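Results of the structural survey
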Amino acid sequence: MSGGLSILVIDENKIRASIIEQGLHDAGHDHVILVHQMEGLVRQISEINPDVIVIDLENHNRDRLEHMFQVSRAVHRPIAMFVDRADSHSIDAAVDAGVSAYVVDGLKRERVKPILDMAISRFRAFSKLAEELEEARTELADRKTIDKAKGILMTSRGLSEQEAYDLLRRTAMNQNRKIIEVAQSLVIASGLLGA
Amino acid sequence: MARQLTQVIAGFIPLLDSAVLVIASEMGFAEQEGIELKLVRETSWANIRDRIAVGHFDVAHMLAPMPIASSLNLTSLAVPMKAPMLLGLGGNAITVSRAVWSEMEAKGADESGDPVSTGNALSTVISDRKAAGKPPLHFGIVHPFSGHAYELRYWLAAAGIDPDGDVEITVLAPQLMADALATGQLDGYCVGEPWNTASVLAETGRIVTYKQAIWPNSPEKVLGVTQAWAEKNADLLASLMRAISAAANWCAEKGNHFELARLLSGPGLLEGPLELCLPALSGNLRLDQGTERRIPDFLTFAGGERAMPTKAHGVWFYEQMVRWGQATRSAKGLALVEQVYSPERYRAALNLPMPSQMPKIRLFDTPGD
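Residues numbered from 1 in each chain as written. Chains lettered and ligands numbered in written order. Predicted model: local features only at pLDDT ≥ 70, side-chain atom pairs only at ≥ 80, totals over all residues.

As for the overall build of chain B
For chain B, the helix and strand inventory stands at 17 helices and 13 strands. Computed over its C-alpha atoms, the radius of gyration of chain B comes to 20 Å, within 12% of the 21 Å expected for a compact globule of 369 residues. In terms of principal-axis extent, the alpha carbons of chain B reach across some 70 × 45 × 40 Å. (Helix = DSSP H or I, 4+ residues; strand = E, 2+ residues; numbered from the N terminus. Rg over C-alpha atoms; globule rule 2.2 N^0.38 Å.)

Structural data, given as structure tokens:
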């Protein structure tokens, strides 16, 4: 049951915004508006006149929006940050996930809580995805660097691939460093020496 | 063997006056006190407020009125807070667009930033505009509970301009001010450096007056801590304040200004050209392309006594909150504010003598005695 709440999602990250939008649709909210562009935001909010606003915490305009909710004539109804003192867990969770919600004052918390919870879980899923992607990227880059270092040792010292890897590993252990660090120095040094 | 360091996480906004935290962390001052000071860059004061309230940050770089607003329950996620130490004095200025400046100039505005003269000139400009049926001028500030808000309002009101009726005041992130001025969304703004110099360098704005002229040697940013954290970590807070005080003294050394500007303009901080950061740090301000002015205390970093908060500082901010309808005056509120700005924690940490007399708060229009 959506009960006709209009929800505005302000997120400059388009992918994340669509993930939230999808989640809200799945939960039966069909009045969801996404805003990526900060230009003319005040006018847009005034036109949309939303009941709930979901915003990412990386947004540079957060101070501006909060101030506007408090004083601006552009907002028809007073909007407050969704804070429920009794529920410090969901405040923590929201800040932790990087999202905040503002609601029209007087809106019942039972109606808003599921929206915030959904945003929190989608934000978390998104960061996890981004992290995994970043990890995969680094891992791939690391593997390439180690391969390169092995290649340099194989050519310059006439070693087999296994011997080259063993040498890297031994050096790393002796110097109390990671293999990738030894490989990086080797690649940089050989680049400098034009090897 | 390396000494075990205690980690302290500090939230900050990349501005010139985050310098003392940056230096405490990067130049070994924190380490000397047994602290690993981890700085986390933030994008809004609301984030700083939220993240210190939920415990992500132990301490934070805060606008001087913020711990008061939080303690008085005037903001979201309000928790009792303290401002045990000042992180910087001065550093703000008021900039107007070239168009507004040329109107002000025609009304005899002082070219060296005198707040009485520039305020009066602006007042005449505003009356004329009103008489001609022109829309009100738009001014930007970074936060409703900020030195910027109160300096701008004080300066306007002193010249007979009603900040809530004669002009429109809106909130905008500091790094967006110069662009907003250039595109005409704003006619002027009050912001910390380097964002005034940004408009001067772009030849789109002119600095008309500055914090050091409006309220000399006044607090701009403070170290913010929740009362709960301060009570639970009293010794750690004392060590941290000693580290920051030493870092502030380093920042105050003239010989370090270039290095400081280099660091602050670098990656992860302001990420801009050096000439953006140098004027405020060196005290050689360019009010516009052709007017350079030496303002030695434009922005002051100093440890020792100068970084000590006083009740009078807190009370001044409280009075502004009352004046502009953000708070209601009460004896209880006043007592609370004096606690927030109590010098005791800092004085004890640095082993400073009790100040012989309360410093008087003097603004540009305070009558002499």
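Here the narrative resumes, following the displayed structure.
Thoughts on the overall build of chain A
A tally of regular secondary structure across chain A gives seven helices and five strands. Seen in sequence order, chain A has helices and strands lined up from the N terminus as β-α-β-α-β-α-β-α-β-α-α-α. Taking 16 Å as the expected radius of gyration for a compact globule of 195 residues, we find that chain A reaches 26 Å, considerably beyond that expectation. Taken along the three principal axes of its C-alpha coordinates, chain A extends 75 × 30 × 30 Å. Burial statistics for chain A: of 195 residues in total, 31% are counted as buried. For chain A, contacts bridging at least 24 residues in sequence account for 64% of all contacts bridging at least 6. (Buried ≥ 20, exposed ≤ 12 C-beta atoms within 10 Å, placed from the backbone. Contact = placed C-beta atoms within 7 Å.)

Some thoughts on the domain arrangement of chain A
When its domains are assigned, chain A resolves into domain 1 (7-131) and domain 2 (133-192). Distance between the C-alpha centres of domain 1 of chain A and domain 2 of chain A: 46 Å. (Domains from an automatic or database assignment.)

Focus: the sheet that holds strand E2 (residues 35-41) of chain B
Residues and elements named next belong to chain B. Pairing is mixed in the open sheet, where six strands are placed in the order E2-E1-E3-E10-E4-E13. The outermost strands of the open sheet, each flanked by one partner alone, are E2 and strand E13 (299-300). Both strand E4 (residues 81-90) and strand E10 (residues 219-226) contribute to a ladder of six bridges, which runs antiparallel. The residue bridging Lys82 from the neighbouring strand is Val225, located in E10. Across the sheet, helix H12 (residues 234-252) lies against strand E1 (6-12), E2, strand E3 (59-63), E4 and E10, angled at about 0° from E4, the strand it touches most. (Pairing = 2+ DSSP bridges. Axes fitted to C-alpha atoms, helices over the stretch in contact; angles between N-to-C directions.)

Topic: the confidence of the model for chain B
A residue-level look at chain B finds 99% of positions with pLDDT of 70 or above and a mean pLDDT of 95. Interface confidence for the predicted complex, expressed as ipTM, amounts to 0.90; the pTM equals 0.87. (pLDDT = per-residue confidence, 0-100.)

A closer look at the packing of helix H4 (residues 88-97) of chain A against helix H5 (residues 109-157) of chain A
Residue and element names in this part refer to chain A. Direction vectors running N to C along H4 and H5 enclose 35°, while the axes themselves pass 9 Å from each other. Read as a crossing pair, H4 and H5 show a hand that is left-handed. Taken together, the residues of H5 that come into contact with H4 (itself represented by Ser90, Ala93, Ala94 and Ala97) are Leu116, Asp117, Ile120, Phe123 and Arg124. Of the residues that constitute the contact of H4 with H5, the class distribution is six nonpolar, one polar and two charged. (Left-handed = near helix turned anticlockwise from the far one by under 90°. Nonpolar A, V, L, I, M, F, W, Y, C, P; charged D, E, K, R; others polar.)

Focus on the pairing of E3 of chain B
Each regular strand displays side chains that alternate between the two surfaces of the sheet. Residue and element names in this part refer to chain B. Most of E3 sits inside the fold, with five of its five residues counted as buried. Burial along E3 is two-sided: Val59, His61 and Leu63 and Ala60 and Met62, pointing in opposite directions, are all buried. Looking at chain direction, E1 and E3 are connected through two bridges and run parallel. Paired with Ala10 across the strands is Val59, a residue of E3. Pairing between E3 and E10: five bridges, direction antiparallel. Of the residues in E10, the one forming a bridge with Val59 is Val225.

Some remarks on the sheet that holds strand E5 (residues 92-97) of chain B
Residues and elements named next belong to chain B. Across the sheet, five strands lie side by side as E7-E6-E8-E5-E9; this open sheet has mixed pairing. With partners counted over all chains shown, the strands left at the sheet margins are strand E7 (167-171) and strand E9 (205-210), one partner each. With direction set aside, neighbouring strand axes in the sheet form an average angle of 25°. Sheet strands touched by helix H7 (residues 147-158): E5, strand E6 (137-141), E7, strand E8 (188-192) and E9. Its angle to E5, the strand with the most contacts, is close to 60°.

A look at the environment of Arg62 of chain A
Residue position: Arg62 of chain A is located in helix H3 (residues 62-71). By C-beta crowding, Arg62 of chain A is classed as buried, having 23 other C-beta atoms within 10 Å. Note: C-alpha distance between Arg62 of chain A and Glu110 of chain A (48 residues apart in sequence) is 25 Å. Beyond its immediate chain neighbours, meaning those up to four positions away, Arg62 of chain A contacts Ile55 and Leu57 of chain A together with Ser44, Ala46 and Asn47 of chain B.

Remarks on the domain arrangement of chain B
All names here are of chain B. Assigned domains of chain B: these are domain 1 (6-89 + 219-280 + 300-350) and domain 2 (92-214). Each of domain 1 and domain 2 has a C-alpha centre, and the two are 26 Å apart. Broken down by secondary-structure element, the contributors of at least two residues to the side of domain 1 that touches domain 2 are helix H4 (66-71), helix H14 (274-282) and helix H15 (311-323). Take the side of domain 1 that touches domain 2: its biggest share by element is five residues, from H14. Residues belonging to the side of domain 1 that touches domain 2 are distributed by class as follows: 15 nonpolar, four polar and three charged.

Side note on the interface of chain B and chain A
With 18 residues of chain B at the interface, the matching set in chain A holds 15 residues. With five residues, the single largest contributor to the side of chain B that touches chain A is helix H3 (residues 45-53) of chain B. Split by residue class, the side of chain B that touches chain A holds ten nonpolar, six polar and two charged.

Some points on helix H7 (residues 179-192) of chain A
Residues and elements named next belong to chain A. If you check H7, its first and last C-alpha atoms are 20 Å apart, about what 14 residues at 1.5 Å a residue would give, namely 20 Å. The set of residues buried in H7 consists of Val182, Ala183 and Leu186. Along the axis of H7, the buried positions cluster into a sector of 100°, meaning they face one direction only. Exposed side of H7, more than 90 degrees from the buried face: Ile188, Gly191 and Leu192 are the residues found there. Those residues of H7 that are buried lie in contact with H5 and helix H6 (161-174). (Expected span 1.5 Å × (residues − 1). Arc of directions from axis to C-beta.)

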